[in-house]
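Here is how the chains run, residue by residue.
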Amino acid sequence: MENFKYKSYCWSLGTTSFRTENFNKSIEIQLNLLDVFWQLPQNTNQIWSGNNILQAHYYDFLKENNFVDGSASKKDKDARQKTSGLVNLGLIDDNRKLTSAGHRALEISKSVDFSIDNTLQISKDSFLYLKQLLKTSIAVENENVRPLIVALYLLSKHQVLNHDEFVYLLPLCINHKYTEQISDQISLLRNNKTNVNEIIVDRLLAMDNYSKALKWFLSLEKVSEREICKIGMNRKSPNYDLPYFGLYEALRVVFLNNKKDKASLIELYNAIKKLKLKSLWSKFIFGGKTIKEKRIKTHSQNILNATFFDNVSNESEFRVAFFKAMHLLKAKATLNDYADLNRRYLGLSNIFLFRDNKVELDIIPKHFFGSTIGELYKSAFVSNDKLQVDCELSEISPVLLANENTIISSINEEFGLSISTLDEAMSEYDRQRYTRFNELIDKKFSDEKIIDLLNKFENRNDGEIKEYVTNNADIPTIFEYLLGIAWYKISDRKGKILDYMKLSIDADFLPITHAIGGDADIVYEYDKSEFYPKHTLLLEATLADKTNQRRMELEPVSRHLGQHLLKTKNPSSYCVFATTHLDINVLSDFRNRKISPYYDTNDSKNKINGMKITALQTTELKTIIQNNKKYSELYSIFDEAYKADLNILEADEWYEKYIVERL
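Thresholds applied
Residues numbered from 1 in each chain as written. Predicted model: local features only at pLDDT ≥ 70, side-chain atom pairs only at ≥ 80, totals over all residues. Heavy atoms only, no water. Helix = DSSP H or I, 4+ residues; strand = E, 2+ residues; numbered from the N terminus. Buried < 20%, exposed > 50% of the residue type's maximum accessible area, 1.4 Å probe, protein only. Pairing = 2+ DSSP bridges. Axes fitted to C-alpha atoms, helices over the stretch in contact; angles between N-to-C directions. 1 Å grid on protein atoms, 1.4 Å probe; cavity = no way out; pocket = protein on both sides within 12 Å on 5 of 7 lines; lining within 4 Å. Points joined across faces, edges and corners; volume = space filled by probe spheres on them. Nonpolar A, V, L, I, M, F, W, Y, C, P; charged D, E, K, R; others polar. Patch = residues over 30% accessible without salt bridge, like charges linked within 9 Å, V, L, I, M, F, W, Y side chains within 5 Å. Areas by Shrake-Rupley, 256 points an atom, 1.4 Å probe, with all protein chains shown as cover. Salt bridge = Lys/Arg side-chain N within 4 Å of Asp/Glu carboxyl O. Lys, Arg positive; Asp, Glu negative; His and termini not counted. Charge placed at Lys NZ, Arg CZ, Asp CG, Glu CD. Core = buried A, V, L, I, M, F, W, Y, C linked by side-chain atoms within 4.5 Å. Contact = heavy atoms within 4.5 Å. Expected span 1.5 Å × (residues − 1). Arc of directions from axis to C-beta. Phe/Tyr/Trp six-rings, centres within 6.5 Å; stacked < 30°, edge-to-face > 60°. Lys NZ or Arg CZ within 6 Å of the ring centre and 35° of its normal.

Let's talk about unusual backbone geometry
If you check the backbone angles, Arg96 has positive phi at about 65° while not being a glycine. Tracing the sequence through the fold places Arg96 in the loop between α3 (75–88) and α4 (100–111). Positive phi outside glycine occurs at Val112, with the angle close to 55°. Residue placement: Val112 occurs in the loop between α4 and α5 (124–135). Judged by relative accessible area, Val112 falls into the partly exposed class, the value being 30%.

Here it is, written out as structure tokens:
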């Protein structure tokens, strides 16, 4: 009997075992843990490859440092999987030692300096990841493909990729021939001359293992479980495909024998339920992921979706339809599984915009790579020997030489301008960024939605928050981010909030969590107005409550404000401490900072004679938003509360009278 083996038809970045939230943070943490692990005396002379005991020890080390939950049945395998993505990116070598690129990534993380220092206007860490991704190649059936360059090539051809094109078609580009085919098919797809399913099936049938398997399948006199498992080419075991025989028989009855009565349809429904890919098959056959048996009984006349099985008239046509459907849905499941990882890895570069179910390049990267892709694409299917080296962009390819003119020409091309200086270009770039950011706020963060999210923070509905905002940031970071947006709106959208928020922000203006936090959460600058003097407002956010709030916030909040006041010498600057649940002792301590001096630890003669710290619970923040109160009014409320006599009211009474009632 013939033996058909699975062959890969697509690339993917990383491994599905390292599908993790807080992706940037996880990479930074693991680089640091690997650096520490190899410095332990018992590990310094060890070799990783083939050393299952060492690998298991590394897994235990990850568990000790709360990076994994410790439930892996095969610790050594999990340790290899957790680190393989970092090998792909060139941040560590095959022996899991940090490369020069890895050391640079760790250095940036430890410095907590994610500022922009390059012509492409992306953060330091993103620029490093961009360079690594440009060098990263994936081996697919003896082919080498550099996914980022292929993505840049398709975007240069088509400007944007929609969801299906990014998920199902981009990863099929494993060599020059297939990339050109996919590019042509995207054009046909957009003119409704083909569809994604046809493109995937044609791609699979172009491979010899699939074409030979289909030819053999059509030659059979009789089909049994054994033959179905043969043509399934399951990567793990043929036995995983045993349920497909029941499906084959049920489909045969409905489509070849044309029995579409309720009993036959329910039999088909039950056969689909036994599959691992039951949701995909249910949608394919019945047009819905969660179709119920009751609906089949009541809508049996028009329940079937249009598929390959329509109009099959003989055994051969039916088998072709089954073979195509079986492998199409397996491929779509695989490509779907890889899509999240591909997006995360490519997203590390911070040059892509992932919005409205589309993928496109940000302004400056779009024009920079658009002008260089002709030469760069020549290396798309050749591995790069500098993967592990922290090198210059131009060392990856001489064509990648960015300078000030890159920014100027990008802005001029994008907006049809004739700007001649870098200052003008950056001013226009900044204006366009805030236009996009405000569009995001209008679309995603209305007053009603901010209040809804604040309710979720109070109730710690963390999953719903991450699902709505982003899963590349932890909940405290998202709370800071939401507070920043709320305060920006409260301040009539005046000021450079993207600078004021001491957060890393991706190209879509969503927050990123890093391994090490910075200083004050939000540092809002206000110019002098009729309502207040020139001052800085430090917004400090926390989700900690009770004992944790006292332990975690008392010292850093007063330190941040104290150091700021010592540096700026502006007594009008102050701090608002925002939290979901305000601890009375924290409130009392901050209130009494009014009369507590703060000293420069290096010069005791340099001090501040008291600080202004007020507190704001999210219940009151919601009131501010609901009543459309603006900062011009809030400043006087906070100032009056600060000036109140400390000896008249208890802390909770003071908060009720001067904050709650005034709002």
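The structure having been displayed, the exposition proceeds.
Structural notes on the sheet that holds strand β4 (residues 352–355)
An order of β3-β5-β4 is seen for the three strands of this open sheet, with the pairing classed as antiparallel. Where the open sheet ends on each side, the last strands, each with one partner, are β3 (160–162) and β4. Each neighbouring strand pair of the sheet contributes to a mean axis angle of 20°, computed without reference to strand direction. Pairing of β3 with strand β5 (residues 358–361) involves three bridges; the strand directions are antiparallel. Directly across from Val160, in β5, lies its bridge partner Glu360.

Section: the layout of surface pockets
Size it by volume and the second largest pocket reaches roughly 1,300 Å³. Lining the second largest pocket are 43 residues, with Arg343, Phe354, Arg355, Asp508 and Leu510 positioned closest to its centre. The dominant element in the lining of the second largest pocket, judged by the number of residues it contributes, is helix α16 (residues 315–347), at seven residues. By residue class, the composition of the lining of the second largest pocket is 16 nonpolar, 11 polar and 16 charged.

Some points on a negative patch on the surface
A cluster of acidic side chains, namely Glu650, Asp652, Glu653, Glu656 and Glu661, defines a negative patch on the protein surface. Tracing the backbone shows Glu650 in the loop between α28 (631–643) and α29 (651–660).

Here we look at empty space enclosed by the protein
Under the defined criterion, the tally for this structure stands at two cavities of 30 Å³ or more. Computed from the structure, the largest cavity encloses a volume of approximately 70 Å³. Lining the largest cavity are Arg591, Lys594, Ile613, Thr614, Phe638, Ala641, Tyr642, Ala644, Leu646 and Trp654. Counting residues per element, the ones that place at least two in the lining of the largest cavity are β13 (613–617) and α28. Of the residues forming the lining of the largest cavity, the biggest block, three residues, is contributed by α28.

Quick look at the nonpolar core
Side chains of a nonpolar character, in soluble globular proteins, are inclined to be buried together. Counting 145 residues, the largest nonpolar core has Leu134, Trp281, Phe309 and Phe322 as its most contacted members. By residue number, the principal contributor to this core is α16, which donates 16 residues. Excluding its chain neighbours within four sequence positions, the residues that come into contact with Trp281 are Tyr244, Leu247, Leu251, Ile272, Leu275, Phe286, Phe309, Ala325, Met326 and Leu329.

What to know about α4
With 12 residues, α4 should reach 16 Å at 1.5 Å per residue; the first-to-last C-alpha distance of 16 Å fits that figure. Among the residues of α4, those classed as buried are Ala101, Gly102, Ala105, Leu106, Ile108 and Ser109. When α4 is viewed along its axis, its buried side chains cluster within an angular range of 160° and face the same direction. Val112, located one to two residues past α4, shows a positive phi value of around 55°.

A few points about the packing of aromatic side chains
Tallied over the entire structure, the rule returns 37 aromatic pairs. Seen in terms of ring centroids, Tyr248 and Phe322 are 5.0 Å apart; in terms of plane orientation they differ by 85°. Their pairing is edge-to-face. Here Phe322 lies in helix α16 and Tyr248 lies in helix α12 (residues 243–256), a separation of 74 residues in the sequence. By relative accessible area, which is 0% here, Phe322 ends up buried. Aromatic side chains Tyr532 and Tyr635 sit 5.6 Å apart centroid to centroid with 55° between the ring planes, which places their arrangement in the tilted category. A residue pair is termed long-range when its members are at least 10 positions apart, and Tyr532 in the loop between β8 (522–526) and β9 (535–542) and Tyr635 in helix α28 qualify at 103 residues. Here Tyr635 falls in the buried class, since its relative accessible area comes to 9%. Grouped by ring-pair contacts, the aromatic residues Trp487, Tyr500, Tyr524, Tyr526, Tyr532, Tyr574, Tyr631, Tyr635 and Phe638 constitute a single cluster. The side chain of Lys97 reaches across the aromatic face of Trp38, ending 4.5 Å from its centre. Taking NZ or CZ as reference, Lys324 lies 5.9 Å from the ring centre of Phe308, over its face.

A closer look at the pattern of salt bridges
As enumerated under the stated definition, the model contains 36 salt bridges in all. Salt-bridge contacts for Arg252 lead to Glu315; the nearest nitrogen and oxygen are separated by 2.3 Å. Of the two residues, Arg252 sits in helix α12 while Glu315 sits in helix α16, which places them 63 residues apart along the sequence. Classification of Glu315 by relative accessible area gives partly exposed; the value is 23%. Note that Lys622 is salt-bridged to Glu458, the shortest N-O span being 3.0 Å.

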